[in-house]
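Topology and contacts: notes
Chain by chain, the residues:
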Amino acid sequence: MTRRINYEDDIFTVALQVRCLQDTLKLEVDPELFRDRILGDIAWIDSIVGRLYQSLRESSLYVKRQDHLKELQKLKRAFLDALDALLEHRAPFADHLADRAADLRARRDAHARDIEEIGVLLSGGGSADEEHIVSQEELRFLMTSDDEDAEP
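Residues numbered from 1 in each chain as written. Predicted model: local features only at pLDDT ≥ 70, side-chain atom pairs only at ≥ 80, totals over all residues. Heavy atoms only, no water.

Moving on, we come to the confidence of the model for the chain. Per-residue pLDDT for the chain has a mean of 86; in total, 81% of the residues score no lower than 70. For the chain, per-element mean pLDDT is lowest for helix α6 (residues 146–150), which scores 53, and highest for helix α1 (residues 7–26), which scores 96. Segment residues 127–131: pLDDT under 50, and 4 contacts once partners within four positions in sequence are set aside and those in other chains are kept. (pLDDT = per-residue confidence, 0-100. Helix = DSSP H or I, 4+ residues; strand = E, 2+ residues; numbered from the N terminus. Contact = heavy atoms within 4.5 Å.)

This is the structure in C-alpha cells:
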C-alpha cells in the first residue's frame, strides 16, 4: 500500500516550528526550563526535514516535486539560520548549548550540503539515470492490463 505524504502541509507545519525556534532563541528564557525543549525541537526538526527530503529525492516523477523541493530548501535555510545563530553566539541562549556545539555543527553542515544538493536537483543537474528509474508502484501499474480492470 502506498503511503501518501502531504508535503505542503508537512513543510508548512515544520516551518512554523522553525519560526518558533528562531523566536525562542531571541529571548532570554530560563535554561533550566527550556534547554531540553530546545534541543528536542532541534532534533525533531532535523529528523522530519531529513525524512521529507529523502522522500522527495526518491520521488523523481512526483508532479509537484520541484515546488516542494524549493519550499524544503527555503525551510532548510531557515533552520540553518537558527543553528548558525547558536553556533555564532548571536542568540542569547547559545551559551547554554555550548556543550552541544559539535552536534549542532554536524547538523548545520548536513543541511548546508542538502541545500546545495537541492539547488543541483532544481537546476536539472540530477543523475541522468534517475529520470529513467521505474518505481515499484509504476511497475505494478504498467503490468496491470486494462482487461483485468474491465472484468465483471
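The next subject is the side chain of Arg65. Position of Arg65 among the secondary structure elements: in helix α3 (residues 65–87). Among the residues examined, Arg65 registers a relative accessible area of 7% and is labelled buried. Within polar-contact distance, the side chain of Arg65 engages the backbone oxygen of Leu56 at 2.8 Å. (Buried < 20%, exposed > 50% of the residue type's maximum accessible area, 1.4 Å probe, protein only. Polar contact = N/O pair within 3.5 Å; in protein donor to acceptor, adjacent residues only side chain to side chain.)

The next point concerns the pattern of salt bridges. Applying the stated criterion across every chain, the model contains 11 salt bridges. The closest approach of N and O atoms between Asp114 and Lys76, which form a salt bridge, is 2.8 Å. Of this pair, Asp114 sits in helix α4 (residues 101–122) while Lys76 sits in helix α3; the two residues are 38 residues apart in sequence, bridging distant segments of the chain. Assessed through its relative accessible area of 18%, Asp114 is described here as buried. One salt bridge in this structure joins Arg107 and Asp103, with 3.1 Å as the shortest N-O distance. Of this pair, Arg107 and Asp103 are both found in helix α4, 4 residues apart, which corresponds to roughly one turn of the helix. Residue classification places Arg107 among the buried residues on the basis of a relative accessible area of 17%. For Asp103, a relative accessible area of 27% corresponds to the partly exposed category. (Salt bridge = Lys/Arg side-chain N within 4 Å of Asp/Glu carboxyl O.)

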